[in-house]
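# Inside the fold
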Amino acid sequence: MTANRLVAALALCWASLGWSATLPPDLVWENNDTDATFADPAAMPGGVFTTFMTSFPLTLRNYGPDANGGFSAFLRDGRLPLLASHPISGKPMPMIANQWAFGGDNKTMYFRINPKATWSDGEPITADDFLFTLKMLRGKEISDPWYNNYYSTQIADVTKYDDRTLSITSGTEKSRADLLDSLPFSPEPSHAITLSPDWVKKTNWTVLPVSGAYRISELKKGKSITFSKVKNWWGQDERYFQHRFNVDQVRVLVLRDINIAWQHFLRGDIDSFGMVIPAWWHDKSKTAEFEKGYIERTWLYNQTPQPPMGLYLNNDDPLLTDVHVRTGIQYSLNFDKMLNQLLRGDYQRLNSYGSGQGPFTNTDLKARPFDPKKAREEFAKAGFDKPGPDGILRNAAGTPLVLTVTYTTGEHTQRLTLLREEAKKAGLGIELNLMDASAGFKAMREKKHQSAWMAWSGSRYPAYWEFFHKVNAHQSQTNNIMNIDDEAMTALVERYDKEFDFTKKAEISRQIQARLYELASFVPAYQVPYTREGAWRWVRLPKVPGTPQSDSLYWPFDGASSGYSYGGLFWIDPKVKQETRAAIKAGHAFAPVTRVDETYRLAQ
């Protein structure tokens, strides 16, 4: 065999094994070790942080049926990506990778895995994990069509150069910002997973090794899940991880009623409590625990992308196939009254599908106002023009105009009740269907709802394919819960995903939001440009209590699953805890504390 043939044969062999012979010689490696750190050097290690969830998860899998429920954030933040975004500068920030480079094809990024990076069981994180993850997410074994499609179309290839060097190639050409947003995904531990036809059922409660600071250490089904700090965690001394992830354990209790959870909080059984809801901040915090300074309140204005909170109408439902019915519903909901009366004017009306994403947000759109006259005109176009004895409109067949709203947060019942009573003025009946969080989200993903009151988490740039492309309509376990099957929308989404130029991409984003407005399938509700939380005084925060991207002050994990690394900033001070417990026992008080931090507040 000649030398040239030998080289060719070896190259073919390497390619078949996921290897490439050589890296491109002109790569410019980056590392970003100069951005500001955002944790507090005064943070103290140790202690147990206790929080809660309102329902026990249906699975511990990251993929497959029921894997996208409320607990998924806890699981996903245990799996670090190659890179995240710095929460203040927005620049790439090392996570599993400590160096990266861009290829000249506008499709490929190259990564060097931090040689310290290991799984929680001590096994090294290698390029093989990324090769395996691509195979896994494309495989039918996981029963997850969204991941199957995305990692088959949007991710073209993963190439291994050596154990710690790899590249990921996009399915289309993209700008560098877009590549950074889409390519540096999180790996799965290839040494701990065996794919098989029964993988979904077999691994429902399997606890896998993680790359992040905390792993599940105890599982009490229906009652609690406990995370423990990984001993000698590999990232602890890395620049952007220092002084973060300070507690030894995170206990997540199952408390199905938020009012019962509040009582647990006031007793000190839970360390922190979200208080974005106006009633909690303005009224329910008027207790001795707050007034005596045992529990402190913090209000941080942030700059997080606002999620699309609102009412999602299932276009496959017989009532909602008619755009005039959907448009009539838009005019039937009195959000202004809800915002001003129930929510104290603290929230703002959302006008489109999310906000806070710069030129990607269509600021020309204005949500349809409450207008019973226009609502009735739209309903009449759909044949609902005859009021029944209860005032609810009916069509010629006598079918009443009634919409069932599925929701999963009991605290929202009062809001939806107000909307229901106001909707009667437009001839629309509303039935409320409160479900357990896990079961409710399962019903939505299986498209068993008529309408859903919810929000998807916001991201730095909008993602549309999973929510609006027709390929994800009319089938279970996809995120197109509105079952949008519209050729114009699908064409826009495909153009959006392929567009390289960011200015043009933002324009297409605005067109997508305009088309959604025309379809009237999503009713925008409100946005909240801040977080407000209470915590016992022993749970300490930095001087500036969060970052521009902190949507929670007391999130114990990294937060990188949302695109930005921002969590794990708090710590527990044992002396302050002992002092507080002694004061309670002795009947002594501290000065009440309410912090309002406007460091990152955006001008209105």
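No experiment lies behind these values; they were computed from the predicted model shown.

### What about the packing of aromatic side chains?
Applying the stated criterion across every chain, the model contains 54 aromatic pairs. Judged by centre distance (6.2 Å) and plane angle (20 degrees), the ring pair of Tyr147 and Tyr151 falls under stacked. Here Tyr151 and Tyr147 lie together in helix 4 (residues 145-153), a separation of four residues that amounts to about one turn. An aromatic cluster is defined as three or more aromatic residues linked by ring pairs; in this entry it consists of Tyr312, Tyr353, Phe360, Phe441, Trp456, Tyr461, Tyr464, Phe467, Phe468, Tyr496, Phe502 and Phe522. The ring of Trp299 is capped by Arg532, whose NZ or CZ atom sits 4.6 Å from the centre of that ring.

### What to know about the domain arrangement of the protein chain
When its domains are assigned, the protein chain resolves into domain 1 (29-40 + 58-203), domain 2 (214-302 + 530-597) and domain 3 (309-527). The distance between the C-alpha centroids of domain 1 and domain 2 comes to 29 Å. Listed per partner, the contact involves 33 residues of domain 1 and 33 residues of domain 2. Across the domain 1 to domain 2 interface the summed buried area is about 2,800 Å²; carbon plus sulfur atoms make up 70%. Three residues stand out in domain 1 for area buried against domain 2, namely Asp40, Phe74 and Asp77, and they jointly supply 23% of the buried area on that side.

### Points about the pattern of salt bridges
Summed over the entire model, instances satisfying the criterion amount to 29 salt bridges. Measuring nitrogen to oxygen at the nearest pair gives 3.2 Å for the salt bridge that ties Asp390 to Arg394. For Arg394, a relative accessible area of 22% translates into the label partly exposed. Two residues, Arg420 and Glu421, come together in a salt bridge whose shortest N-O distance is 3.2 Å. Taking the relative accessible area as the measure of exposure, Arg420 reaches 26% and is therefore partly exposed.

### Digging into the UniProt feature "domain: Solute-binding protein family" (unreviewed entry) in the protein chain
Those places that UniProt annotates as "domain: Solute-binding protein family" (unreviewed entry) correspond, in this numbering, to residues 91-469. The distance from the first to the last C-alpha atom of residues 91-469 is 30 Å, and the span holds 28% helix and 22% strand.

### Comments concerning the pairing of strand 5 (residues 108-113)
The element strand 5 is largely enclosed, with a buried count of five among its six residues. In the sheet, strand 4 (residues 97-102) pairs with strand 5 via five bridges, with the strands oriented antiparallel. Its bridge partner lying in strand 5, Trp100 is registered against Phe111. The hairpin formed by strand 4 and strand 5 contains five residues between the paired strands, and Asn106 there has a positive phi angle of roughly 60 degrees.

### Quick notes on the pairing of strand 17 (residues 402-407)
Both strand 17 and strand 18 (residues 429-434) contribute to a ladder of six bridges, which runs parallel. Each residue of the ladder has a partner; that of Val402, found in strand 18, is Gly429. After leaving strand 17, the chain enters helix 13 (residues 413-423) and then returns to the sheet as strand 18, a path that is right-handed. Pairing geometry for strand 17 and strand 19 (residues 451-454), over two bridges, is parallel. Within strand 19, the position partnered with Val405 by the bridge is Ser451.

### Focus on helix 14 (residues 437-445)
Residues of helix 14 that are buried: Ser438, Gly440, Phe441, Ala443, Met444 and Arg445. Where helix 14 is buried, its residues contact strand 17 and strand 19. For helix 14, the side-chain oxygen to backbone nitrogen distance between the N-cap and Ser438 is 3.0 Å, and the N-cap itself is Asp436. Remark: Lys447 follows helix 14 within two positions and exhibits a positive phi of approximately 65 degrees.

The rules behind each value
- Each chain carries its own residue numbering, running from 1 in the written order of its sequence.
- Note on the predicted model: pLDDT of at least 70 is required for a residue's local features to be given, and 80 or more for side-chain atom pairs to be given and counted; whole-chain, interface and lining totals, by contrast, use all residues.
- Each side-chain value is derived from all of the structure's non-hydrogen atoms; neither hydrogens nor water enter the calculation.
- Two aromatic rings, drawn from Phe, Tyr or Trp (for Trp, its six-membered ring), form a pair once their centres lie within 6.5 Å of each other, and the interplanar angle then sorts them: stacked below 30 degrees, edge-to-face above 60, tilted otherwise.
- What counts as a helix is a DSSP run of H or I of at least four residues, what counts as a strand is a run of E of at least two, and both are numbered from the N terminus.
- Criterion for a charge above a ring: Arg CZ or Lys NZ at most 6 Å from the ring centre, at most 35 degrees from the ring normal.
- Note that domain bounds follow an automatic or database assignment of domains.
- For this analysis, residues touch if any pair of their heavy atoms sits within 4.5 Å.
- Accessible area, probed at 1.4 Å, shrinks when two parts are joined; the buried area is that loss added up over both.
- Salt bridges are counted wherever a side-chain nitrogen of Lys or Arg sits within 4 Å of a carboxyl oxygen of Asp or Glu.
- Only protein chains enter the accessibility calculation, which uses a 1.4 Å probe; a residue whose area is less than 20% of its type maximum is buried, one above 50% is exposed, and one in between is partly exposed.
- UniProt positions are given in the numbering used here, feature names are shortened, and annotations may be inferred rather than shown by experiment.
- In this description, strands pair whenever DSSP reports at least two bridges between them.
- For the handedness criterion, the strands are oriented away from the viewer, and a crossover whose path from the first strand over the helix to the second runs clockwise is classed as right-handed.
- What qualifies as a polar contact is a pair of N or O atoms within 3.5 Å, subject to a donor-acceptor requirement within protein and to the restriction that residues adjacent in sequence count only when both atoms come from side chains.

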